[in-house]
Amino acid sequence: MTRTDVPKEADGPGPSGYAAARLRLLTEGARSGPPRRTALAELTDDWLAGLFTAAAGQLRGVSLVAVGGYGRGELSPRSDLDLLLLHDGSDLGTVAAVADRLWYPVWDLGLALDHSVRTQAEARKTAGEDLKVQLGLLDARHLAGDLALTAGLRTAVLADWRNQAPKRLPELQELCGERAERQGELQYLLEPDLKEARGGLRDATALRAVAASWLADAPREGLADARRRLLDVRDALHLATGRATDRLALQEQDQVAAELGLLDADTLLRQVYEAARVISYASDVTWREVGRVLRSRAVRPRLRAMLGGGKPVPERSPLAEGVVEQDGEVVLARAARPDRDPVLPLRAAAAAAQAGLPLSLHAVRRMAAAARPLPTPWPAEAREQLVTLLGSGRPTIDVWEALEAEGLISHLLPDWERVRCRPQRNAVHLWTVDRHLIETAVRASELTRRVSRPDLLLVSALLHDIGKGWPGDHSVAGEIIAKDVAARIGFDRADVAVLSTLVRHHLLLIETATRRDLEDPATVRSVAEAVGTQSTLELLHALTEADALATGPAAWSSWRGSLVTDLVRRVGAVLAGAAPDEPEPVAPTAEQERLAIEAFRTRSPVLALRAQTEPVSGDEPSAEAEPLGVELLIAVPDQPAVLPAVAGVLAVHRLTVRTAGLRALRLPDDVDDGSVLLLNWRVAAEYGSLPQATRLRADLVRALDGSLDIAGRLAERDAAYPRRRGWVAPPPRVTVAPAASHHATVIEVRTQDAPGLLFRIGLALEKAGVRVRSMHVSTLGANAVDAFYVTTGTGAPLPAQDANSLARALEETLRG
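If you're wondering where the values come from, they're calculated on a predicted model, not measured in any experiment.

**Let's talk about helix H19 (residues 474–488)**
Now for step 1: Taking 1.5 Å of rise per residue, 15 residues should cover 21 Å, and H19 covers 20 Å from first to last C-alpha, within 8% of that figure.
Now for step 2: Listed as buried for H19 are His 474, Ser 475, Ala 477, Gly 478, Ile 481, Ala 482, Val 485, Ala 486 and Arg 488.
Now for step 3: Buried residues along H19 sit against helix H16 (408–412), helix H18 (454–463) and helix H20 (493–504).
Now for step 4: Measuring from the side-chain oxygen of the N-cap residue of H19 to the backbone nitrogen of Ser 475 gives 2.8 Å; that N-cap residue is Asp 473.
Now for step 5: Of the residues flanking the end of H19, it is Gly 490, one or two places downstream, whose phi is positive at about 105°.

In structure tokens form, the structure reads like this:
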């Protein structure tokens, strides 16, 4: 290190000149946002360069370097100055004197200073030991002195970072996760820390560090704008409080909003939440990509050795029509055409949530770019996929956020835009309105075994607070919106009425139970009049619990739950009437009778496949009807094991059962004295095309005569696919419906739909030696709600003890 005479004065503003210029810059209203931050950084650069020149003169082997936020030029009004005095180590005494002449003027002005004095070797060693130091050095920027020394440090630090990325990036991810645990999620907090909370400025900086590693990169769309908005809010917060704070406290939000020219504090929070959501989603995608790349690097050498040096081909496992799993993500199949398949986003989302896998960024963006509006009302498949998505538990949240990040949720449900990122200024609520609605659906998915219509429960959970985006009573506004949305997504008039009632009265049970006298008959009668039916009461009870659990720990307790349960019991007693018997079957159609006669005469199964449609209006069939799937009519001479045989053949051919009915049909007297089992099912292919009717019939004949090993075929197929870590569904529930029929015992099954489910149920009933008189099966999203009317071999209802034993055995079978 060499030194020339140190001048007593330096170019640039002195302390008083800098302070005055800084004050003018921060108080002039014409400049704000990035221009002000840039101007403040440039002003500070000039001042510090002047201090350095005054302290070091023409001293070689030393330079002044800005690092961290200052290195990025992101100076907020009260930001720290992060500075490194870099030297070559040849004259430590002189360097110490220069440091004193630099730091003391900064302290004298009351500016916060984070400083260090190091050689390049010391800086690299410290960075290797302290990840935060290394992150700060990635943004190193030369201010004054020996430019070559600064450039050498930048080159070395970036090279170290890229070489050590496989080790340091997992450390950085862990650091981000620990910070999120401490600080919470910026996009939901009423008093968020703009810097430290998940989705804040620290995470945005971490994404820059990942990009600098060249190992992976963050989705760039919207990221720079999100970072800018958070910096603008922090600037306004510093000016409003006069303090170096990053916490946006409630009492300061109105002033910060005014400083930014926003309408009110709610508008401010919504902008903060939107920015945080962009950064959080980008973080999720980026860290997933980092993990994928690191796993690939670890596995690739072994794969190449096994394949003789060839490039490994990623394995693709089908999940649904047009949707496959690849490398731990859900992606679109090569043959998928999102521009021609408007249901594809919902199908892909439902498949991802059920499998517990993330939707790939490329797949979501491709679907968003080609998104077509769904017809009104929605096709049945779209409605079923939405219900499946909502009923998939915790994985629903990440999948929903992926769709929302690319605008697909607002595309599918335009009313969602009013509640998106909407804050709730209530200490009881943990979430924004939109996240609360999804949390309620997640909670409701755990209660689907308690209700006969899980689809209505899940959709009411999604819509119960939709009116909070409108003025006035949100329950009243929500009822109107729910009617419109429910009709648009394809529910019939009766279901629309139930959904609108649930939304209108979603607070009725909890408010009545905790604020009214339940001993007063008028109280109970008023609730009964509002609810109307036992099934609606059942749904409202589950919705009340899901809503409270999704609000926060203060909204639900065992005491509140017991009060609501007591109210429901009293209201149920008022609504109770005569128990319904098994509905009388409608007369067979000419086609059904023809198939039955042919089956009886040939003593073999006969079947017919035909397209099934639903009317656009929900009332009468028309030329504009929407396809529902394929109706499968099967007639089989009455014999044992028909149900497991038919269900097993359909499972082997990958046909999903949407609805199913079975009944014994007496033949006309002029044919013969005998009966035929008539099965009327609606089925759809899991993916690909439907099998030919001739193949189905041939396999059904083999299944009935015992030459087709259905159980073995299904076991082989299950073993061929790895078990995924998807959501763990609520356990199955099998009950005996009391007094539901005078002629048979009714076994009700509520469980998660799965390939081969009806086959397993049919085998269990067959093993129990009961006869299935009729059945009514429906698949609502991913939930199966089935009723089996069974009798003894002589055609009588089962004794109570036998019925309960059968229910327990069937439940154990489904749990296994």
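On we go from here.
**Here's the deal with the pairing of strand S7 (residues 329–332)**
Now for step 1: Burial along S7 is two-sided: Glu 329 and Val 331 facing one way and Val 330 and Leu 332 facing the other are all buried.
Now for step 2: Counted between consecutive antiparallel strands, the loop separating strand S6 (residues 323–326) from S7 contains 2 residues, among which Asp 327 sits at a positive phi close to 55°.

**Remarks on the pattern of salt bridges**
Now for step 1: Tallying each qualifying case throughout the model produces 58 salt bridges.
Now for step 2: One salt bridge in this structure joins Arg 420 and Glu 417, with 2.7 Å as the shortest N-O distance.
Now for step 3: Residue classification places Arg 420 among the buried residues on the basis of a relative accessible area of 18%.
Now for step 4: It is possible to trace a salt-bridge network through shared partners that takes in Arg 37, Asp 225, Arg 228, Arg 229, Asp 232, Asp 235, Arg 270, Glu 274, Glu 417 and Arg 420.

**Side note on the confidence of the model for the protein**
For residues with low pLDDT, the predicted coordinates do not support detailed interpretation.
Now for step 1: Considering every residue of the protein, the mean pLDDT works out to 88; 91% of them sit at 70 or more.
Now for step 2: Confidence, expressed as mean pLDDT per element, reaches its minimum in the protein at strand S8 (residues 606–614) with 73 and its maximum at H18 with 98.
Now for step 3: Contacts for the low-pLDDT stretch residues 615–627, under 50 throughout, to residues beyond four places or in other chains number 17 contacts.

**So, the pairing of strand S13 (residues 745–752)**
Now for step 1: Taken across its 8 residues, S13 has 7 buried, putting it largely inside the fold.
Now for step 2: In this sheet, S13 lies alongside strand S12 (residues 733–736) in antiparallel orientation, the contact comprising 4 bridges. Bridged to Thr 735 within S13 is Glu 748.
Now for step 3: Pairing of S13 with strand S15 (residues 783–791), which is carried by 8 bridges, proceeds in the antiparallel orientation. For Thr 745, the partnering residue across the bridge sits in S15 and is Val 790.

**Here's the deal with the sheet that holds strand S2 (residues 81–87)**
Now for step 1: Read from one edge to the other, the open sheet built from 4 strands follows the order S3-S2-S1-S4, with strand pairing classed as mixed. A strand with exactly one partner marks an edge of an open sheet, and here the two such strands are strand S3 (113–119) and strand S4 (141–145). In this sheet, adjacent strand axes meet at a mean angle of 25° when their direction is disregarded.
Now for step 2: Here 4 bridges tie strand S1 (residues 62–66) to S4, and the two strands are oriented antiparallel to one another. If you follow Ala 66 over to S4, its bridge partner there is Arg 141.
Now for step 3: In this fold helix H5 (residues 120–129) packs onto S2 and S3, with an angle of close to 120° to the strand it touches most, S3.

**What about unusual backbone geometry?**
Now for step 1: Across the junction of Thr 376 and Pro 377, the peptide omega takes the value -5°, indicating a cis bond.
Now for step 2: The phi torsion at Asp 327 lies on the positive side, around 55°, for a residue other than glycine.
Now for step 3: With respect to the helices and strands, Asp 327 occurs in the loop between S6 and S7.
Now for step 4: With a relative accessible area of 40%, Asp 327 lands in the partly exposed category.

**Description of the packing of aromatic side chains**
Now for step 1: Using the criterion set out here, one finds 4 aromatic pairs in the structure.
Now for step 2: Note on Tyr 18 and Trp 47: the rings are 4.2 Å apart at their centroids and 5° apart in plane angle, and the pair reads as stacked. Taken as a pair, Tyr 18 in helix H1 (residues 15–27) and Trp 47 in helix H2 (residues 33–56) lie far apart in primary sequence, 29 residues in all. Each member of the pair Tyr 18 and Trp 47 is classed as buried.
Now for step 3: With a centroid separation of 5.1 Å and 90° between ring planes, the pair formed by Tyr 104 and Trp 107 is classed as edge-to-face. Linking Tyr 104 with Trp 107, this pair stays in helix H4 (residues 92–108), spanning 3 residues, or about one helical turn.
Now for step 4: In this structure Tyr 104 comes out as partly exposed when scored by relative accessible area, which is 47%.
Now for step 5: With relative accessibility at 37%, the residue Trp 107 sits in the partly exposed group.
Now for step 6: For the cation-ring pair, Arg 383 lies above Phe 491, with the distance from its terminal atom to the ring centre recorded as 5.6 Å.
Now for step 7: The side chain of Arg 435 reaches across the aromatic face of Trp 431, ending 4.2 Å from its centre.

**A look at the side chain of Asp 699**
Now for step 1: Structurally, the position occupied by Asp 699 is in helix H27 (residues 693–705).
Now for step 2: Side-chain polar atoms of Asp 699 contact the side chain of His 653, separated by 2.6 Å.
Now for step 3: Setting aside residues no more than four positions away along its own chain, Asp 699 makes contact with Val 649, His 653 and Leu 708.

**As for the sheet that holds strand S5 (residues 316–320)**
Now for step 1: Judged by pairing direction, the sheet is antiparallel, and its 3 strands sit side by side in the order S5-S6-S7 without closing on themselves. The two strands at the open ends of the sheet, each matched to only one other strand, are S5 and S7. Strand-to-strand twist of the sheet, defined as the mean angle between neighbouring strand axes without regard to direction, takes the value 40°.
Now for step 2: Here S6 runs beside S7; their pairing, made up of 4 bridges, is antiparallel. Bridge assignment links Glu 325 to a residue of S7, and that residue is Val 330.
Now for step 3: The strands touched by helix H12 (residues 344–355) are S5, S6 and S7; relative to S6, the strand with the most contacts, the crossing angle is about 40°.

Conventions and cut-offs
Residues numbered from 1 in each chain as written. Predicted model: local features only at pLDDT ≥ 70, side-chain atom pairs only at ≥ 80, totals over all residues. Heavy atoms only, no water. Helix = DSSP H or I, 4+ residues; strand = E, 2+ residues; numbered from the N terminus. Expected span 1.5 Å × (residues − 1). Buried < 20%, exposed > 50% of the residue type's maximum accessible area, 1.4 Å probe, protein only. Contact = heavy atoms within 4.5 Å. Polar contact = N/O pair within 3.5 Å; in protein donor to acceptor, adjacent residues only side chain to side chain. Pairing = 2+ DSSP bridges. Salt bridge = Lys/Arg side-chain N within 4 Å of Asp/Glu carboxyl O. pLDDT = per-residue confidence, 0-100. Axes fitted to C-alpha atoms, helices over the stretch in contact; angles between N-to-C directions. Phe/Tyr/Trp six-rings, centres within 6.5 Å; stacked < 30°, edge-to-face > 60°. Lys NZ or Arg CZ within 6 Å of the ring centre and 35° of its normal.

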